[in-house]
Amino acid sequence: MRMRSVAVAAIMAIFWACTQGAAQAREYRPVVFVPGLMGSTLVNKDGEQVWGGYGGVLNRFEQLAFPSDPSKDTIRASGVLENFDIAFGFFTVKAYGPMTSFLRGKLGDRLNVFAYDWRQSNFASACDLVRYIDKRQALADAARADAGITLVTHSMGGIVGRIFISYRAPAGTQPTAENPCPHQYNVSLFMPIAAPFNGAGQALKTLTEDVGFKWKVIRLEKDVILGVFFTVPSVYELLPRYGNCCRERAQGGFRAVDLFSIDTWRRFGWIPARLWNFRKEDRVPFVEARLKASQRVQQIIQTPLPEGVRFLSIWGHNQSTSTVVTVSRGQPGTKASQTWSEKSDGDDTVPELSASACQPDAPPIAERKPCSNIPDLLPLDRKMWRVPNTHLGLMEDERVQKTVMWALNRYGSIVAGARSLEDDEIPDDIAPFLMSSAGARSLDETGLAKAEFVNAPETVGSGATQSVLVRVIDGDGAPLGRTALNSLKVSVQTSAGTAVPASVSITSLAGHFGISYTAPKGPDALTIQVRLPATAGVEPRVDTLVLVEE
């Protein structure tokens, strides 16, 4: 490899910084893992298992029906569902055991697994998470500190975690209908895996048509299964909220269906004929309240995360996933028929357009910004966070586990200098896209403003997209505002002076912006020039060399 002296010095400095960080003992912020729907074992008031094993489900499934008065519920969570034994142990489905075992082996007592009653509303589960932290002094103390805690979630657990984050409020805030559980706990890193941010077609499919093949294995009557799930508030809160999820045949074409109108449910015959422990006159008000709760979930998803919460989403794809439904209404008084469009654009449960989108009705995946607000991941190749596996298969996928650990190593440590990466914890198929830490290396302090390259890209093949993150501060060390950053002038040139097209992204963190460009063909050294806003007639400029190897 041919290197220029400046580049050699820079790379040696990076290497030294990384080895110094690796030499330190790594200590992680506490991590709370939140499983998804049906991801916690449940027992009744006598301690008998109601969910979590074949025998309990077969004999006591009807006890899972959620009562019309939640205060009379006697079911409680007893632990995370690690594996599910079918036919009394003759067949086992892996659940959260692989992921929790992996994290426990890496984090030890820093891992906290939050088991909860997944039947109740996600808003109630978020309150339970507040109480879970309240009861653990060390965890509560860490969550109140500026460093905060890390939330790693799967599936519906991502909704619970997002609501929990929204409940944070200043000390002294009194509970309200909108925020029944105000708390002062900080989340520094939020990592949802396969979260149905914009809902999932499977939820509507379960509530209106079919329980699916997996339930047939348990050998319970369909009416019994549906009768129970009709009472489960959390399932309604997973209804698809992405655009074009639901349409109706009309006059030789299609028209959109308002899934959250109770009139739609009446018209299509979707109001359950049986709701356990519910009076007949309470059926419609119950469904209507659950539809409003689902809309409220979407309002929270649309609200920007609080400043300081790093967010990184992982999801599955390349699996046939129920995404779009076409409804055909029959004779009055009969249930409408449904046709589902199956596409290889999800994890078999959550469509990619839901798990990967931070906003509803997001543009096509190729045009979407990464579902992350971490500045030195903008922009990065989307393949880093897309894993070709099933919804539950993601929990035992080594690529997912290692990616989670990579993020924890980089952003979940509270030890200074412990951000260096361990080779055995970087998935091979994403390693080429990672950026090496260069610390807060000041490149120029001319005038009253200066820029610091927080990260520099690794040497990668030509034609690959590279990113550089820059933090701009004034003479007092304060980050420049968004208005000033918008006036930055950035250019990228080869050693021969040929301009390389580059784009600039302003991040959500104060003073940060990213430079993205495509490496030219052949080995070369690129010069990146950053011209800062003129102050008192001085126009500072920052130059740096980045090696590009063919």
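**Here's the deal with the state of the cysteines**
This structure, assessed with the given rule, holds one disulfide. Two residues, C127 and C181, share a disulfide whose sulfurs are 1.9 Å apart. The sign of the S-S torsion, about 105°, decides the handedness of the disulfide formed by C127 and C181: right-handed. One end of the pair, C127, is in helix α4 (residues 122-134); the other, C181, is in the loop between α6 (157-166) and β9 (187-193), with 54 residues separating them in the sequence. Of the two residues examined, C127 and C181, each falls in the buried class.

**Re the packing of aromatic side chains**
Per the stated rule, a full pass over the model turns up 11 aromatic pairs. Ring geometry for W265 and W270: centres 5.4 Å apart, planes at 80°, overall edge-to-face. Judged on exposure class, the residue W265 and its partner W270 are both buried. Taken together, Y236, W265, F268, W270, F278 and F286 form an aromatic cluster joined through their ring pairs. Across from the ring centre of Y132, 3.7 Å away, lies the NZ or CZ of R136, which sits over that ring. It is R247 that lies over the ring of F254; its NZ or CZ is 4.1 Å from the centre.

**A short note on the sheet that holds strand β7 (residues 111-113)**
As summarised here, the arrangement of the five strands in space is β7-β1-β8-β9-β12, forming an open sheet in which the pairing is parallel. The two strands at the open ends of the sheet, each matched to only one other strand, are β7 and β12 (310-311). Sheet topology note: the β9/β12 ladder contains two bridges and is parallel. Residue pairing for β12: L189 is matched across the bridge by R310. Lying on the sheet, helix α14 (residues 398-411) is in contact with β1 (31-34), β8 (149-154), β9 and β12; it crosses β9 at an angle near 170°.

Criteria and cut-off values
Residues numbered from 1 in each chain as written. Predicted model: local features only at pLDDT ≥ 70, side-chain atom pairs only at ≥ 80, totals over all residues. Heavy atoms only, no water. Disulfide = S-S within 2.5 Å. Helix = DSSP H or I, 4+ residues; strand = E, 2+ residues; numbered from the N terminus. Buried < 20%, exposed > 50% of the residue type's maximum accessible area, 1.4 Å probe, protein only. Phe/Tyr/Trp six-rings, centres within 6.5 Å; stacked < 30°, edge-to-face > 60°. Lys NZ or Arg CZ within 6 Å of the ring centre and 35° of its normal. Pairing = 2+ DSSP bridges. Contact = heavy atoms within 4.5 Å. Axes fitted to C-alpha atoms, helices over the stretch in contact; angles between N-to-C directions.

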